[in-house]
Amino acid sequence: MDHALVHALQIDGRASFRTIAEVLGTSEHTIARRYRKLRSHGILRVVGLLNGPRFGHTSWSVRLVCTPDAAGSVAGALARRDDTVWVRLLSGGTEIACGVQTRGDGEGDALLLKKLPRTPRIVAMSAHATLHMFAGWRSRVTVLSEEQAERLRPAPPQEMEISLRKEDHALLRVLAQDGRAGYGELAAASGWSQTTVRRRLGQLRSGGALRFDVEIPPQALGYHAEAWLWMKAEPSALAAVGAALAAHPEADVVAATTGPTNLMAGVTCRDTQDLYRYLTERVAPLDGVRELETAPVIRTVKRVGTVLS
C-alpha cells in the first residue's frame, strides 16, 4: 500500500486522497492515514517546484572542495538558500556538489561570482551550466498498472504566456515546504481567496510553470549506494551516451554540461558491489566515453528543493 501511494503521488503530487483511494481500491481514510504516518516519519514529502527554464533561469552544477572542518557547515548554508535545488556531501566529506538555479537578471549570479569564492574555508570551486537534461529526478517505485497510472496522470502542460506575480512567489515558498498544503494555508500566504488560489494553481500547472515531485530517501526503498559521476564523452557521441544513461534505471539524473567534463549523472544502487557492477558492466561499455570520475555520496543535505534532516 505504501509503495502504491508513493507511485500515485509521483504521478500527481496534488491528487486527492479520495482519487488515490478509488484507483487503489481502498478507503480514503487508509490513504490519508498512511500518508500522514510516512510524512511524520520523514520518509515521504511532496514538494512543489518552479520550472526555472520556463522563465529563463539557468541551472548550474557547482563543485566545492572545503577544509575538513568546514564541509558540513558550508553544505548546510547552501541548503538553506532558495536558489539551491540539491546539495550533497561527497567523497571523504570534504567535497560538496550542488545544483543552483539562477535568474536571468544577474542577481542570482552573486552566489557563484561573489559570495562563495570569498569564503576562506572553500579551497577550490568550479561551476558549469546545464545545457540539456536527459533525465531528471525520477521514481524508483513503479507498482501501479498503466491503467491505474492513466487515471491519475494530469493533463500535459500547454504552451501559454505566464508571468509570475508577487502572490505566486508566496505560494511557491509554501509549496516548496509542503506540496500538498491546503488551499486555506495557501490563501493565507498569498492574500488571495481559496477560489483564486485553486484557479491560479491550475494555471501554473497547465502552463508548465509548476511541477510536483516526491522526496523519499533511497534507503527507505533498500538502496544504500549513491554516487555522482562526471564523464568526458566524445562530442559526436554526447547525445547517444546521455540517452543511454537516461535509460538506465540506476540513473536518477543525467545532464549535459559545460566545462572539462561534458556529462554528469547521479546514480543510486543497492550497495557498493551493485555500484561496481553498474560502472564496469553498464557504463564502461558505452562507446564514446573517454574519462569517468566517480564520487560516492556521503550525505544528501538537500534534494528537490527540500532540506533534509
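The sections below set out a description of the structure shown in this document.

Conventions we followed
- Residues numbered from 1 in each chain as written.
- Predicted model: local features only at pLDDT ≥ 70, side-chain atom pairs only at ≥ 80, totals over all residues.
- Heavy atoms only, no water.
- Helix = DSSP H or I, 4+ residues; strand = E, 2+ residues; numbered from the N terminus.
- Rg over C-alpha atoms; globule rule 2.2 N^0.38 Å.
- Buried < 20%, exposed > 50% of the residue type's maximum accessible area, 1.4 Å probe, protein only.
- Contact = heavy atoms within 4.5 Å.
- Areas by Shrake-Rupley, 256 points an atom, 1.4 Å probe, with all protein chains shown as cover.
- Phe/Tyr/Trp six-rings, centres within 6.5 Å; stacked < 30°, edge-to-face > 60°.
- Lys NZ or Arg CZ within 6 Å of the ring centre and 35° of its normal.
- Core = buried A, V, L, I, M, F, W, Y, C linked by side-chain atoms within 4.5 Å.
- Pairing = 2+ DSSP bridges.
- Expected span 1.5 Å × (residues − 1).

**Section: the overall build of the protein**
Here's step 1: In terms of helices and strands, the protein carries 11 helices and 11 strands.
Here's step 2: Computed over its C-alpha atoms, the radius of gyration of the protein comes to 20 Å, within 12% of the 19 Å expected for a compact globule of 309 residues.
Here's step 3: Taking all 309 residues of the protein together, 48% fall into the buried category.
Here's step 4: The contacts of the protein with a sequence gap of at least 6 include a subset with a gap of at least 24, amounting to 76%.
Here's step 5: Counting every atom, the protein has about 15,100 Å² of accessible surface; 51% of that belongs to carbon and sulfur.

**Things to note about the packing of aromatic side chains**
Here's step 1: Inspection of every chain in the model, using the stated rule, returns two aromatic pairs.
Here's step 2: Measuring from centroid to centroid gives 5.4 Å for Phe17 and Tyr35, while their planes differ by 50 degrees, and the two rings are tilted. You can see Phe17 sitting in helix H2 (residues 17-24) and its partner Tyr35 sitting in helix H3 (residues 28-40), a full 18 residues away along the chain. The pair Phe17 / Tyr35 is uniform in exposure class, with both members buried.
Here's step 3: Between Trp86 and Trp228 the ring centres are 4.6 Å apart and the planes differ by 40 degrees, which places this aromatic pair in the tilted class. Taken as a pair, Trp86 in strand E3 (residues 84-90) and Trp228 in strand E7 (residues 225-233) lie far apart in primary sequence, 142 residues in all. No difference in accessibility class separates Trp86 from Trp228, as the two residues are buried.
Here's step 4: Against the face of Phe17 rests Arg180, its NZ or CZ located 4.5 Å from the ring centre.

**Considering the nonpolar core**
Here's step 1: With 41 residues, the main nonpolar core has Leu9, Ile20, Leu152 and Leu186 as its most contacted residues.
Here's step 2: At the level of secondary structure, the elements contributing two or more residues to this core comprise helix H1 (2-11), H2, H3, helix H6 (146-152), helix H7 (166-177), helix H8 (183-190), helix H9 (194-206) and strand E6 (210-215).
Here's step 3: When residues in this core are grouped by element, the largest group, six residues, is from H1.
Here's step 4: Among all residues touching Ile20, those that are not within four sequence positions of it are Leu5, Ala8, Leu9, Ala15, Ile31 and Leu152.
Here's step 5: Counting 23 residues, the second largest nonpolar core, distinct from the first, contains Leu238, Ala246, Cys269 and Leu275.

**Notes on the environment of Arg211**
Here's step 1: As for its position among the elements, Arg211 is in strand E6.
Here's step 2: Given a relative accessible area of 38%, Arg211 falls into the partly exposed group.
Here's step 3: Residues Arg211 and Leu50, 161 residues apart in the sequence, show an inter-C-alpha distance of 6.6 Å.
Here's step 4: Leaving out residues up to four positions away in the same chain, Arg211 has contacts with Val47, Gly48 and Leu49.

**Some words on the pairing of E3**
Here's step 1: Among the seven residues of E3, six are classified as buried, and the element is accordingly described as predominantly covered.
Here's step 2: The pairing of E3 with strand E4 (residues 95-102) spans six bridges and is classified as antiparallel. The residue of E4 that forms the bridge with Val87 is Cys98.
Here's step 3: Hairpin connection from E3 to E4: four residues lie between these consecutive antiparallel strands, with Ser91 at a positive phi of about 50 degrees.

**Notes on H3**
Here's step 1: Over its 13 residues, H3 extends 18 Å from the first C-alpha to the last, a length consistent with the 18 Å expected when each residue adds 1.5 Å.
Here's step 2: The set of residues buried in H3 consists of Thr30, Ile31, Ala32, Arg34, Tyr35 and Leu38.
Here's step 3: Where H3 is buried, its residues touch H1, H2 and strand E1 (45-50).

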